[in-house]
Amino acid sequence: MKRILKSVFLLSLFAGFTACEDEQDLRFLEAKGDFAILTPTTGDAVILGPETPLNPGLTLSWAAMDYGTPTSINYAIQIDKAGDNFDTPVTLTSTTNTFATILSDVLNGAVVSAGLTPFTQGAIEVRIRASVGEPASQERFSDVVTYLVTPYSTALPKLAVPGNHQGWNPPTAPQLAASGFGETDFEGFVYLNGGFKFVAPDQAGNFNWGNTDYGDDGSFSGVLAESGESDCSATAGYYRVRANTTTLVYSVEPTTWGIVGSATPGGWDASTALTYNQTTKKWEGDVQMTAGAYKFRANNAWTINLGNDSDDDGSMNFDGPDITLAEGGNYRVVLDLSNPRAYTYSLTLN
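Residues numbered from 1 in each chain as written. Predicted model: local features only at pLDDT ≥ 70, side-chain atom pairs only at ≥ 80, totals over all residues. Heavy atoms only, no water.

## So, the overall build of the protein chain
Working step 1: Across its full length, the protein chain holds 2 helices and 27 strands.
Working step 2: Taking 2.2 N^0.38 as the reference for a compact globule, 350 residues should give roughly 20 Å; the C-alpha atoms of the protein chain span a radius of gyration of 31 Å, well beyond that estimate.
Working step 3: With the C-alpha coordinates aligned to their principal axes, the bounding extent of the protein chain is approximately 100 × 55 × 35 Å.
Working step 4: Counting only residues that meet the buried cut, the protein chain has 41% of its 350 residues in that class.
Working step 5: In the protein chain, once contacts between residues fewer than 6 apart in sequence are set aside, the share between residues at least 24 apart is 61%.
Working step 6: Roughly 18,000 Å² of accessible area belongs to the protein chain as shown, and the carbon and sulfur atoms make up 52% of that amount.
Working step 7: The distance from the centre of the 19 positive side-chain charges to the centre of the 39 negative ones in the protein chain is 11 Å. (Helix = DSSP H or I, 4+ residues; strand = E, 2+ residues; numbered from the N terminus. Rg over C-alpha atoms; globule rule 2.2 N^0.38 Å. Buried < 20%, exposed > 50% of the residue type's maximum accessible area, 1.4 Å probe, protein only. Contact = heavy atoms within 4.5 Å. Areas by Shrake-Rupley, 256 points an atom, 1.4 Å probe, with all protein chains shown as cover. Lys, Arg positive; Asp, Glu negative; His and termini not counted. Charge placed at Lys NZ, Arg CZ, Asp CG, Glu CD.)

Have a look at this one:
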């Protein structure tokens, strides 16, 4: 019994000493002064590009924060758009080192999220947050440096097409896409049924009335006018719609789609018609096919036709190469033109 009491006493005594030591550690862990970013320096700049996503976009080093006693320090690299005073900072990464490298694609996503415009040089502010423990305590911030970044975007510019076909509601309207960032040659396939207009996005990418919009100039000859008093118009049907907001011209070309080729019942001379599904916004049909080649074309003619995605950009190509079918059978054929400049198809064996 005495041995048990003695063991308990020694254990309690050890715990007391440990608690005292912990309390002393906490009591003497106190931030001493400030710490500074060493690199980069204010005014340094980088141009980012989608072809080099793994290149360094931002390389940092900084002086260690002094908490008065050796301890593990957590550092978080934070950025915000210059002038926003870090009201909504973006944390790029965290580390216990006093250096870090941010890859180009990571930095690009962060600065665009912070509000920088693609392909235009903008300024971000960079700071380091130091803290200890979990949860973080004794937070301290470094000085702030201004870093100039030219970000990029791989998203194609869009133009909404609200109208009678969908209740004149820009946020839910079908869209056209330009061929590249900074281009204004918008294109897409849209089911129309009466009047319609074109609406540009606001700075945040949202489509609403009050944004820049385009209608017909009143001549109904394919000429656009900004804030045009006249609606554009088309009878009920499925159209290839094109609009250029620089040259101010537009066109609507009616289309019905089919599949054609040596693998199809009509060979290369006659398209096998597909049916437009207004619910799925796709052209669909069951087709008895043989092994061979095929393409998709509009209006049983070769003026508008789509072949294989030979450039691997995620979209079938106009006048593209033939598509090959290895095995014959009855196929569910689906042609999806609802995503502008991202045209796809599928064949599923029934």
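## Notes on the pairing of strand S17 (residues 249-254)
Working step 1: Sheet topology note: the strand S16 (residues 232-244)/S17 ladder contains 6 bridges and is antiparallel. Pairing of Arg240 across the sheet is with Glu253, part of S17.
Working step 2: Taking the residues between adjacent antiparallel strands as the criterion, S16 and S17 are bridged by 4 residues, where Leu248 takes a positive phi near 60°. (Pairing = 2+ DSSP bridges.)

## Considerations on the nonpolar core
Working step 1: Counting 29 residues, the largest nonpolar core has Leu107, Ile124 and Val126 as the members making the most contacts within it.
Working step 2: Among the elements of the structure, strand S3 (56-62), strand S4 (74-81), strand S6 (99-103), helix H2 (104-114), strand S7 (122-132) and strand S9 (145-150) are those that each provide at least two residues to this core.
Working step 3: Per element, the largest residue contribution to this core is 5 residues, and it comes from S7.
Working step 4: Apart from residues no more than four positions distant in its own chain, Ile124 is found in contact with Ile79, Asp80, Lys81, Ala82, Leu107, Val111, Leu116, Val145, Thr146, Tyr147 and Val149. (Core = buried A, V, L, I, M, F, W, Y, C linked by side-chain atoms within 4.5 Å.)

## Regarding the sheet that holds strand S21 (residues 282-289)
Working step 1: Ordered in space as S20-S21-S26-S27, the 4 strands form an open sheet in which the pairing is antiparallel. What marks the edges here is a single partner per strand, and that holds for strand S20 (275-277) and strand S27 (344-349). When the angles between neighbouring strand axes are averaged without regard to direction, this sheet yields 25°.
Working step 2: Sheet topology note: the S20/S21 ladder contains 3 bridges and is antiparallel. Of the residues in S21, the one forming a bridge with Tyr276 is Trp283. (Axes fitted to C-alpha atoms, helices over the stretch in contact; angles between N-to-C directions.)

## Here's the deal with the packing of aromatic side chains
Pairs of aromatic rings are described using the distance from one ring centre to the other and the angle between the two planes.
Working step 1: Under the criterion given, the structure shown has 18 aromatic pairs.
Working step 2: For the pair Phe196 and Phe198, a centre-to-centre distance of 5.6 Å together with 90° between the ring planes defines the contact as edge-to-face.
Working step 3: Accessibility expressed as a relative area gives 0% for Phe196, which makes it buried.
Working step 4: Using a relative accessible area of 0% as the deciding quantity, one classes Phe198 as buried.
Working step 5: Linked through ring pairs, Phe189, Tyr191, Tyr238, Trp257, Tyr276, Trp283, Phe318 and Tyr343 together constitute an aromatic cluster. (Phe/Tyr/Trp six-rings, centres within 6.5 Å; stacked < 30°, edge-to-face > 60°.)

## Some remarks on the environment of Thr245
Working step 1: When you line up the elements, Thr245 lands in the loop between S16 and S17.
Working step 2: According to the relative accessible area criterion, Thr245 is buried, its value standing at 19%.
Working step 3: Placed 21 residues apart in sequence, Thr245 and Leu224 show a C-alpha to C-alpha distance of 7.7 Å.
Working step 4: Those residues in contact with Thr245 that sit more than four places away from it in its chain are Leu159, Thr184, Phe186 and Tyr214.

## What about the pattern of salt bridges?
Working step 1: Following the criterion strictly, the structure yields 7 salt bridges and no others.
Working step 2: Across the salt bridge formed by Glu284 and Arg332, the nearest N and O atoms sit 3.1 Å from each other. Residue Glu284 is located in strand S21, and its partner Arg332 is located in strand S26 (residues 329-336); the two are separated by 48 residues in the primary sequence.
Working step 3: The exposure class assigned to Glu284 is buried, which follows from its relative accessible area of 14%.
Working step 4: A relative accessible area of 30% means that Arg332 is categorised as partly exposed.
Working step 5: Note that Asp286 is salt-bridged to Arg332, the shortest N-O span being 3.4 Å. Taken together, the residues span a long stretch of sequence, with Asp286 in strand S21 and Arg332 in strand S26 at a distance of 46 residues.
Working step 6: Taken together, the shared-partner salt bridges connect Glu284, Asp286 and Arg332 into one network. (Salt bridge = Lys/Arg side-chain N within 4 Å of Asp/Glu carboxyl O.)

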